[in-house]
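# Remarks on the overall topology
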Amino acid sequence: MLAASLAVRLLLLFSASATPSAVHDDSLADAQLDWERLGSSDVGELNLYGEDFDDDAMDPDEVGWLFAQLDTNADGLLSTNELREALQLQARTYLDSVREASVRESAMLLDSADADGDGHLSVVEFESATHMYIHHAEAMERPALFAFADADADGHLTASELHALLFPEWSARAPELRRFLRAHVCAAHDTDADAFLSVDELYPWHRRARGMAPHWLGAAAGEGDLPPAGSFSDGLQRREWPGRAGGGDDPVLAEQEEEHEYTAHAHAFERHDRNGDGVLDEAELGEYLVPESTADGAQVSLQHLLQAELQRLQTALRLGTHAATHVQGLPMQHGGGGEAAEDAELSFDLEQVLALGALFVRSFEVLRAQLGHARQG
């Protein structure tokens, strides 16, 4: 089948957190497994179009209509530049729709927690709204997060102020939230006051974020707040936390689960330690706490995705529909002589697009829906 369409892969890029849903739901844990699978390196091998996708069902007139919309100079050909511009427009359309949806959901969630119906949230209402997923609420007190979100310091949260906590990746206040959290984490966990966080220093924060007790049980006996470097003591036990079975009174199982938790933390730490110096600096810690998204500046991943999609689409158009539907994942060229090299200026006529048929249309599913809306209007 044709490699995953841009509409699908945009979802993969921004993951479940970018798809508005700030409501606590136990099913999210299972859904995350699917997102991880979709985001894996073998994404091209997944049948993202569904078993019942019928290429023959696509009306040639519909393909021709989309071709005409993308052929901006009306020369009867789709150039590399026209395809690139269409993909970029589709990406902007998708991102704008997600941002708008996150704003609407913030307003709906505020209404659901607004006990006195005054259109705002008091600190009491905010603390009582346990159905709302607030980023880092497990790791720090809700009143502190409320104080940050209350930009005008009037003691109440509007929907736009609440939005910064529910969907920080889509909020203009994301850089400000990043600085706020970074200052809190450094004050609480930078034990040697060197302005850097080691993997062990950051581990209590990780435990809090997971709903776990921040300290090891051995801390009460003077063993300190941090795990033993590189190993786990015989007396190590993990506290229970909501939504996950624990080792209980079994010290062996508790130790195994703690080791698993610490390993997961260490892997996340390593991903953010970009210079590999074993500590997180100011920028790395900020990214660890509130990852950058396209909404607040991370354009590199998006541009890489768009280029990859352009190359795959060009390759598919050159292969034709028969070959494209039998390729498990069209290879992404990296320039330098490939069939769809980065700088290659190719053009495709309507006959080639019709040969690809529904697979071509599906590559522009989001854009097609927007253009169809305007067409009906």
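All residue numbers refer to position in the chain's written sequence, counted from 1. Local features are withheld for residues below a pLDDT of 70 in this predicted model, meaning they are given only at 70 or higher, and side-chain atom pairs are given and counted only at 80 or more; totals for whole chains, interfaces and linings count all residues. Calculated side-chain values reflect all of the structure's heavy atoms, with hydrogen atoms and water omitted.

Residues grouped as a nonpolar core are buried Ala, Val, Leu, Ile, Met, Phe, Trp, Tyr and Cys residues, joined through side-chain atoms within 4.5 Å. Whether a residue is buried, partly exposed or exposed follows from its accessible area with a 1.4 Å probe, protein chains only, as a fraction of its type maximum: under 20%, in between, or over 50%, in that order. Counting residues in each nonpolar core, the largest one holds 62 residues, and the members touching the most others are Leu83, Phe126, Met132, Leu202, Trp205, Phe360 and Phe364. Of all the elements, helix α4 (residues 80-113) adds the most residues to this core, at 10 residues. Here, two residues are considered to be in contact whenever any of their heavy atoms come within 4.5 Å of each other. Not counting chain neighbours up to four residues away, the residues in contact with Leu83 comprise Leu78, Leu310, Leu313, Gln314, Leu317, Phe348, Phe360 and Phe364. Think of it this way: any DSSP run of H or I at least four residues long counts as a helix, any run of E at least two long counts as a strand, and we number them from the N terminus.

Counting through the fold element by element, Ala139 comes out in the loop between α5 (123-128) and α6 (142-149). Along the sequence, Ala139 and Val185 sit 46 residues apart, while their C-alpha atoms lie 9.5 Å from each other. Leave out the neighbours within four places in its chain, and Ala139 touches Trp205, Arg208 and Ala209.

Let us now look at the environment of Ser128. Tracing the backbone through its elements, the reader meets Ser128 in helix α5. When the C-alpha positions of Ser128 and Ala113 are compared, they lie 7.8 Å apart, and in sequence the two are 15 residues distant.

Turning our attention to helix α11 (residues 282-289). In terms of burial, α11 is largely enclosed, as 6 of its 8 residues are buried. Where α11 is concerned, the buried positions are Glu284, Leu285, Gly286, Glu287, Tyr288 and Leu289.

In the sections that follow, a salt bridge refers to a side-chain nitrogen of Lys or Arg positioned within 4 Å of a carboxyl oxygen of Asp or Glu. Summed over the entire model, instances satisfying the criterion amount to 8 salt bridges. Residue Glu261 pairs with Arg210 through a salt bridge whose shortest N-O separation is 3.0 Å. Of this pair, Glu261 sits in helix α10 (residues 251-272) while Arg210 sits in the loop between α9 (199-209) and α10; the two residues are 51 residues apart in sequence, bridging distant segments of the chain. In this structure Glu261 comes out as buried when scored by relative accessible area, which is 2%. Judged by relative accessible area, Arg210 falls into the partly exposed class, the value being 36%. Residues Arg274 and Glu287 are paired through a salt bridge, measuring 3.9 Å at the closest nitrogen-oxygen approach. Residue Arg274 is located in the loop between α10 and β3 (279-280), and its partner Glu287 is located in helix α11; the two are separated by 13 residues in the primary sequence.

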